[in-house]
Amino acid sequence: ESLGAADSTHYKCDQSILVSGESGAGKTVTTKFVMKYLAALSQRSSLEKQPQRAYLKAQQQRLHPSPSGGYSWAVNNPSPEPISPTSFLPNSIESQVLQSNPILESFGNARTLRNDNSSRFGKFIQIQFTASGKLVGATIETYLLEKVRLVTQSLGERNYHVFYEVMAGMPSSELRNYCLAATATPQDFKMTCSGTYDRRDGVCDKDTYKALRTAMNTMKFPIEEQHQVFGIAVALLHASNLTFGETDHEQAVLEADNVHLEPVCLLLGVTPEDLNDALCSFSIQAGRDGSVTRKMTRPQAEKGLEALIKATYGALFLYLVGKINDSIAWKDPSLLSDEDDEEEEALEKHPDEFHRPAASIGVLDIFGFETFGVNSFEQLCINYCNEALQQQFNAFVLKNEQEEYEREGIDWSFIEFPENQDVLDLIDKRGSGILNILDDQCRAPGTTDRSFASDVYSKCSSLTRFTANRKQVAVFQFEIQHYAGPVEYTTEGFVEKNRDELPKEATELLRGSTNPFAQHLADIIIDPESITSRFDSSTPPPPSESSTPMTPYKLSRTDSSVAARMTVGGQFRRQLRHLRGKIDQTCPHYIRCLA
């Protein structure tokens, strides 16, 4: 329990818990149980190791009445079971860390064929403790949000929970602020009309909406900021219903009589004319100082609208993760500003809560190995991640332990286990790995999924873990022999998904918005790394003529010429290497969830 019983500079005391399993096996629920258990231990440690004031004792007795007359089971029970966030003291760091879950689940989880609350992203939660075992902060890193779900869902699946929660749980008086009728249903919007509208696990969207708002309040989201977040989410709902017509020259144009056009413009802080120009035309650099504007066809404009929806939602998700981290991350008391009265007061009353972290426990909840009828770019990234983590598991649990047995002279029958370095090389080896080939294709002009597939066939056909028979080559497919079994991948959409580009005109549209929040999301789209910096709520936004509520954001202007930004695959590989490096510096423990 006392994570820092030994000096952390001399003993390696950081731990990590890796939760793995197939989709639907219970990884997300298990992760929440682990977090609740660690938070309960922290609360018990805090109550045991420092004198408790009378009002805290009384509050604990109200929260956890005990037949024996003790304060609560959190003190008396040596093996506390996971408890709900409401069992913790209001606004405590334990409560805030646990309340990050409803926010991430609403915006990052969805119903799939196998799971009604499937995490469509990976996350690594690093929980920080003092030497006495008191939880003092946490940070969350997320990986590979599935943005394609925003524009297409398979039969029997839903979009992200938040869209259904808003329509089911938001009061009618508030819905009007977002141009939503009280009778609006998921069937009314293209983003949510997949034919699947409920959850099989009995969870009600109205209840999870209430939990989401409670969590945002606990995480200290200002009310106006909550309005901005929901405003962007609803704007994307309306945007999915926008339609395009064609001129006599087969040039795309937004249909001005579409009832959803005005709500989109109002919520995003743009004009219909600017939105039409951004989605239906593009400019080409001509010479050093000039440019030529070209019109798009209707299919091109529809693709541009989908790209705008995916990019904006992706930026919104990153923003929420950043805000959560800003709320729950440990803060050095010596660096607190004069305006942090609440923190300073807490420091005086409960100094142990602000001791410097001595150790951490990381909890990894990441997507499991996937194989479907049609496997695309997302499945290749997910399965590559699972291959890398399997190699780490083999090295730590099997290889290292058996080497230790040999050094100690223990009579031991060596366990054979399959090495998968050749699979990792097939996917990620510099110059010849599939993801590196894809990056090369994305950097070259005029490349397509077909040219990517041809390059893969020419460079990988001789590798033992790679196969592509005539039938597969004819439809641009290939197969990889993973540690968990063979998976056939279809290359359609690989290049577009890896580039994940938002047209320059759409980015400039958001940056020119009268809504400061939309401007901030544009900065995140241009430079996703900027969200890792702390938010400065003391800096007021620039003046705006928008009727949309103002929110204090620090707009970090980034040069829009960052055209050579990292591909999705490149960013994910870098994140995975960083994650493995973190895990290698800890003592890992494994939880395997079975469906």
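Residues numbered from 1 in each chain as written. Predicted model: local features only at pLDDT ≥ 70, side-chain atom pairs only at ≥ 80, totals over all residues. Heavy atoms only, no water.

Brief notes about the sheet that holds strand β10 (residues 359–365)
Stage number 1. Taken together, the five strands give an open sheet; going across it, the order is β5-β4-β10-β1-β14, and neighbouring strands pair in mixed fashion. Strand pairing shows two members of the sheet lacking a second neighbour, β5 (135–143) and β14 (587–593), which therefore form its edges. Taking the axes of each pair of neighbouring strands and ignoring which way they run, one obtains an average angle of 15° across the sheet.
Stage number 2. Relative to β14, strand β1 (residues 15–21) runs parallel, the two sharing seven bridges. Within the sheet, the bridge partner assigned to S16 lies in β14 and is P588. (Pairing = 2+ DSSP bridges. Helix = DSSP H or I, 4+ residues; strand = E, 2+ residues; numbered from the N terminus. Axes fitted to C-alpha atoms, helices over the stretch in contact; angles between N-to-C directions.)

As for the environment of T490
Stage number 1. Looking at the secondary structure, you find T490 in strand β13 (residues 485–490).
Stage number 2. The spatial distance from the C-alpha of T490 to the C-alpha of Q477 is 4.6 Å, given a sequence separation of 13 residues.
Stage number 3. Ignoring anything within four residues of it in the chain, the contact list for T490 reads V374, N375, S376, F476 and Q477.
Stage number 4. Of note is the side chain of T490, whose polar atom sits 3.2 Å from the side chain of Q477. (Contact = heavy atoms within 4.5 Å. Polar contact = N/O pair within 3.5 Å; in protein donor to acceptor, adjacent residues only side chain to side chain.)

Observations concerning helix α6 (residues 161–169)
Stage number 1. With eight of nine residues buried, α6 is to be regarded as a mostly interior element.
Stage number 2. Turning to α6, its buried residues are H161, V162, F163, Y164, E165, V166, M167 and G169.
Stage number 3. Each element contacted by the buried residues of α6 is listed here: α5 (100–108), β2 (109–110), α7 (172–175), α8 (205–218), α9 (223–239) and α12 (298–328). (Buried < 20%, exposed > 50% of the residue type's maximum accessible area, 1.4 Å probe, protein only.)

Remarks on the pattern of salt bridges
Stage number 1. Under the criterion given, the structure shown has 27 salt bridges.
Stage number 2. One salt bridge connects R573 with D428, and the closest N-O pair in it is separated by 2.7 Å. Of this pair, R573 sits in helix α22 (residues 568–584) while D428 sits in helix α15 (residues 421–428), and the two are 145 residues apart along the sequence. Each member of the pair, R573 as well as D428, carries the same accessibility label: buried.
Stage number 3. What you see here is one network of salt bridges that share partners, running through R120, E146, R149, E157 and E370. (Salt bridge = Lys/Arg side-chain N within 4 Å of Asp/Glu carboxyl O.)

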